[in-house]
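Remarks on the overall topology
One letter stands for each residue in the lines below.
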Amino acid sequence: MEMYLQFGHGMMGHTRELLDNWGGGGVILSPRDLTSDQLQRIATDIIKRNGEPLLDPQCFAKDADHVRLVSHDYWKIFKTSPSGAFFGGPATADLLKELAVQARLLGVRQHILPGRLANPVSEDWFAFQENLIAEAPTHFGGEPILATIALSNDAMRQEDQVEAVVERAAKWNVQGFYLVAETPTAYLVDDPGWLANLLILASGLKLLGKRVIVGYCSHQMLCLAAANVDIVASGTWLNVRAFPPEKFYAPADDDISRRTTWYYCPQALSEYRLPFLDIAQRAGILDEMRPDPSLFSSYADPLFRAATPSSVIWGEQDAFRHYLTCLHSQVAQVRKSSFDATVDEHFRLLSSAEGIIKKFRQNGVFGGDRDFKDAVDVNRSAMTTFVKARGPRLRRSWL
Amino acid sequence: MIDLAAIQAEFSELQNIKLLSTTSGQKDVFQADRGTKQVALKLIKRTQSDQRTEREISAVSKLNSSYVPQIYEHGRRTVSGEERFYIIERFIVGESYGEVLRKTPVQPFKEVLRLADVLLHACVDFENVQLVHRDIKPQNLMVDADGKIWVIDFGIARHLEMTSLTPSGPFHGIGTLGYAPPEQFRNLKSEEDSRTDLFSIGVVLYQSISGSNPYLNLLPDTMAVIRLMETQDLPQLSIAEDQSGELSDFLSVLTARFPSRRPQTASEALAWFDPIYQRLR
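Residues numbered from 1 in each chain as written. Chains lettered and ligands numbered in written order. Predicted model: local features only at pLDDT ≥ 70, side-chain atom pairs only at ≥ 80, totals over all residues. Heavy atoms only, no water.

Time to look at the domain arrangement of chain A. All names here are of chain A. As far as domains go, chain A holds domain 1 (2-248) and domain 2 (262-373 + 390-395). Using only C-alpha atoms to locate each centre, domain 1 and domain 2 end up separated by 28 Å. Each partner contributes to the interface: domain 1 provides 33 residues, whereas domain 2 provides 29 residues. Between domain 1 and domain 2, a total of about 2,800 Å² is buried, with carbon and sulfur atoms accounting for 67% of that surface. It is L207, H219 and L222 that lose the most area in domain 1 upon contact with domain 2, and together they represent 24% of the buried surface on that side. The interface formed by domain 1 and domain 2 includes 3 salt bridges. The residue E271 makes a salt bridge to R241 at a minimum N-O spacing of 3.2 Å. If you look at where domain 1 meets domain 2, you find 13 residue pairs in polar contact (both at pLDDT 80 or more). Counting residues per element, the ones that place at least two in the side of domain 1 that touches domain 2 are β1 (2-6), α1 (12-22), α8 (159-169), α9 (192-206) and β9 (231-234). (Domains from an automatic or database assignment. Contact = heavy atoms within 4.5 Å. Buried area = accessible area lost by both parts, 1.4 Å probe. Salt bridge = Lys/Arg side-chain N within 4 Å of Asp/Glu carboxyl O. Polar contact = N/O pair within 3.5 Å; in protein donor to acceptor, adjacent residues only side chain to side chain. Helix = DSSP H or I, 4+ residues; strand = E, 2+ residues; numbered from the N terminus.)

Here it is as structure tokens:
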């Protein structure tokens, strides 16, 4: 499995640095966070660094009004065309034509199609998707096309809706899928049924023999390796590690209100505020919070050299780069040579994290709402349900 | 009212025409002799649409399967002043698998493996001519005097290239409760293909191993049966002869309530089952 960057607010510097470190990589660009000029600049920088830009059209809701998002030419077509014009009318062709122009300017070579947020999955939703898919090859010159499948939280919780998508998608003439699922919470998912359905959906799409990219992921989605997903995308702020549709309605100058620096402890799958690293130091267990060298992140080294971690000038920049570097490595390590080995690895990761979290908590080190303690059982439950649903077919098809 | 004399008069090439003790709602079925061969004569009632009849005949006549009785002749003839479709096909001397299960609800393991092999091969034959049987169940399987298994009664077969005759949209399609998968009794035509038959095959095999059809335990509450089939998969079987659980897994996949969770084609299902069969038989 690979990790792409999910572009969000303030990520230009992070993108350049991380692609330099990694020798390249994919970046899913966000028109909500970038003006046309910025899109052009960052796409050029990505390509210079041996990276691959993709463009997420973010056409999840026609009534979205985020100032930067609606400033893009293709978005103006989406917003101003009557809805009916996308069902056999000229708007589909007009939208894709403009997107193709944008894609050529940015050097995009795999094309994510617009996709509305399904709430619920319905014949209308399928019709919108299928009109775009039918029209797309005319505009993208034989290059790979990825259908966006964006499902609301309510749709994600319905097994029959998720399976209906898989069933229908089998007939779509695309080379892959870009899957975006509204999370039930602001960050870590607390609903095992939702997570099981994400695994079932992603694996069902993968079993169609196509490429599967899952956007807006956090470290909780390491489990997607068992679904044989090709790529997970993650970013800096929480609104690119989880999918909140309301962010496409926010005003331009909102964005991030809470600015606390969190240290990601990869072996605990949890994040901690720096004062809790001080507590760990006092308890003599700070070294146990250090990331394994195999994750290649030196961004957090200053925290482990200082007199006290919270005395170090270690801010968002370091924290984000540390998180994404660790996650990039974890993602690369979680898929094993068989389905069962990959599932076992995830259960091992969860058990190990659970033990580490327990020790940290016994010593007064707590992660608050980023502590993975409760998510351990959510992931376990979801994996167990998923293995029953898709295990036999995935076992046979694993390559 | 069956007029055997009129039938004998029209089908003078047949001898000893006897009405079989069971008749379906769609056709009258007779046993007869044609020279030295025993044949089944099916007369299709006028209540059935001509298109459905012709489609059944056309679909099955395209089949080249050693598991389906050969059709010798078909056409239209007038009996008692009424034009009727007819089919003359090989008569299978034996008993239905339904009768076999009535006498011995839990079948010997190796016999179940053999049954699975036959049914999956038959399903591949159907798939090769884009045919879906849609009514595989113990009563539509015959075991002849030599122990060979036959699939009969393509009365509601669906030829995938032809426009479906059973209208979509209504709550219930055609099929037998307890053996038809959810997409069939919900009449979701676009989802009916070989996977529909694979589900039914899975249920027959499950019943043969466990001794009962767990869906039908909820009868006479039909809605309860439908609700169960739509919301829950069958419990995984624990089979003594299948220590590795691979047959049990395979049956779970065949009987998955969502078609996307089953093998996607009969060929895939057979390729899946074949090494299991080789190891366990």
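Picking up where we left off.
Here the focus is the state of the cysteines. Residue and element names in this part refer to chain A. Counted according to the given criterion, the structure contains 0 disulfides over all chains. For C265, which is in no disulfide, the shortest distance to another cysteine sulfur is to C326 and amounts to 8.8 Å. When its relative accessible area of 0% is taken as the criterion, C265 is described as buried. (Disulfide = S-S within 2.5 Å. Buried < 20%, exposed > 50% of the residue type's maximum accessible area, 1.4 Å probe, protein only.)

Right, let's talk about the packing of aromatic side chains for a bit. The geometry of an aromatic ring pair is captured by two quantities: the separation of the ring centres and the angle between the planes. Residue and element names in this part refer to chain A. Using the criterion set out here, one finds 25 aromatic pairs over all chains in the structure. Each ring, one from F60 and one from F248, has its centre 5.2 Å from the other, and the planes form 55°; the classification is tilted. In this pair, F60 is assigned in the loop between β3 (51-55) and α3 (67-70) and F248 in the loop between β9 and β10 (262-265), connecting sequence segments 188 residues apart. Ring centres of Y263 and F304 lie 5.8 Å apart, and the angle between their planes is 70°; this geometry places the pair in the edge-to-face category. Taken together, the positions of Y263 in strand β10 and F304 in helix α11 (residues 301-305) put the pair 41 residues apart, joining distant regions of the chain. In this structure, Y263 and F304 share a single accessibility class: buried. (Phe/Tyr/Trp six-rings, centres within 6.5 Å; stacked < 30°, edge-to-face > 60°.)

The next point concerns the interface of chain B and chain A. Opposite the 15 residues of chain B that make contact, chain A presents 13 residues. Summing the contributions of chain B and of chain A, the shared interface buries around 1,200 Å²; its carbon and sulfur component is 47%. For chain B, the biggest contributors to the area lost against chain A are S260(B), R261(B) and W272(B); these three give 49% of the whole. For R261(B), the salt bridge goes to E159(A), with nearest N and O atoms at 2.8 Å. Where chain B meets chain A, there are 6 residue pairs in polar contact (both at pLDDT 80 or more). The set of elements that each furnish at least two residues to the side of chain B that touches chain A consists of α8 (246-254) and α9 (266-280) of chain B. Among the elements that line the side of chain B that touches chain A, the one with the most residues is α9(B), at 3 residues. Among the residues forming the side of chain B that touches chain A, the class breakdown is 5 nonpolar, 3 polar and 7 charged. (Nonpolar A, V, L, I, M, F, W, Y, C, P; charged D, E, K, R; others polar.)

Attention now goes to the confidence of the model for chain B. Residues and elements named next belong to chain B. Residues of chain B with pLDDT of at least 70 account for 86%, and the chain-wide mean is 86. A low-confidence stretch, residues 161-165 stays under pLDDT 50, and its non-local contacts, those more than four residues away or across chains, total 10 contacts. Of the regions scoring below 50 in pLDDT, residues 167-171 engages in 9 contacts with residues more than four places distant in sequence or in other chains. Overall fold confidence (pTM) sits at 0.92, and the ipTM for the predicted complex is 0.87. (pLDDT = per-residue confidence, 0-100.)

Right, let's get into the sheet that holds strand β4 (residues 71-79) of chain B. All names here are of chain B. Spatial ordering of the open sheet is given by β1-β2-β3-β5-β4, a layout of 5 strands whose pairing is antiparallel. The open sheet has two edge strands, β1 (15-19) and β4, and neither has a second partner. Recorded for the sheet is a direction-independent mean angle of 25° between the axes of neighbouring strands. The pairing of β4 with strand β5 (residues 82-90) spans 8 bridges and is antiparallel. From the neighbouring strand, I71 faces β5, where its bridge partner is E89. (Pairing = 2+ DSSP bridges. Axes fitted to C-alpha atoms, helices over the stretch in contact; angles between N-to-C directions.)

Residues and elements named next belong to chain B. Here helix α4 (residues 109-128) crosses helix α6 (residues 194-210) at 170°, and the two axes come no closer than 10 Å. Relative to α6, the element α4 is oriented roughly antiparallel. Side by side, α4 and α6 meet where V112, L115, A116, L119, L120, C123, F126 and E127 of the first sit next to S194, D197, L198, I201, V204, L205, S208 and I209 of the second. Partitioning the contact of α4 with α6 into residue classes produces 12 nonpolar, 2 polar and 2 charged. (Parallel < 35°, antiparallel > 145°, perpendicular 65-115°, else oblique.)

Once that is clear, we can look at the pairing of strand β2 (residues 27-34) of chain B. Residues and elements named next belong to chain B. Most of β2 is tucked away, with 7 of its 8 residues classed as buried. Across 8 bridges, the pairing between β2 and strand β3 (residues 37-44) is antiparallel. Residue pairing in the sheet places D28 in a bridge with L43 of β3. Between β2 and β3, which pair antiparallel one after the other, the connecting turn spans 2 residues, and G35 there sits at a positive phi close to 65°.

The subject of this paragraph is the pairing of β3(A). Residues and elements named next belong to chain A. With 4 of 5 residues buried, β3 lies mostly within the body of the structure. In the sheet, strand β2 (residues 25-29) pairs with β3 via 5 bridges, with the strands oriented parallel. Residue pairing across strands places G26 opposite E52, the latter belonging to β3. Regarding the hand of the β-α-β motif, the stretch spanning β2, helix α2 (residues 36-48) and β3 is right-handed. (Right-handed = clockwise from strand over helix to strand, strands pointing away.)

What follows deals with the side chain of T15(A). You can see T15(A) is positioned in helix α1. Other than its neighbours up to four places away in sequence, T15(A) contacts L5(A), F7(A), V27(A), I42(A) and I46(A).

Counted at 1.5 Å a residue, the expected span for α6(B) with its 17 residues is 24 Å, and the 24 Å between its end C-alpha atoms agrees. A positive backbone phi angle near 100° is found at G211(B), which sits one or two residues after α6(B). (Expected span 1.5 Å × (residues − 1).)

Residue and element names in this part refer to chain B. There is a patch of nonpolar side chains on the surface, built from I2, L4 and L19 and spanning about 220 Å² of accessible area. Its place among the elements puts L4 in helix α1 (residues 4-10). Here L4 falls in the partly exposed class, since its relative accessible area comes to 37%. (Patch = residues over 30% accessible without salt bridge, like charges linked within 9 Å, V, L, I, M, F, W, Y side chains within 5 Å. Areas by Shrake-Rupley, 256 points an atom, 1.4 Å probe, with all protein chains shown as cover.)

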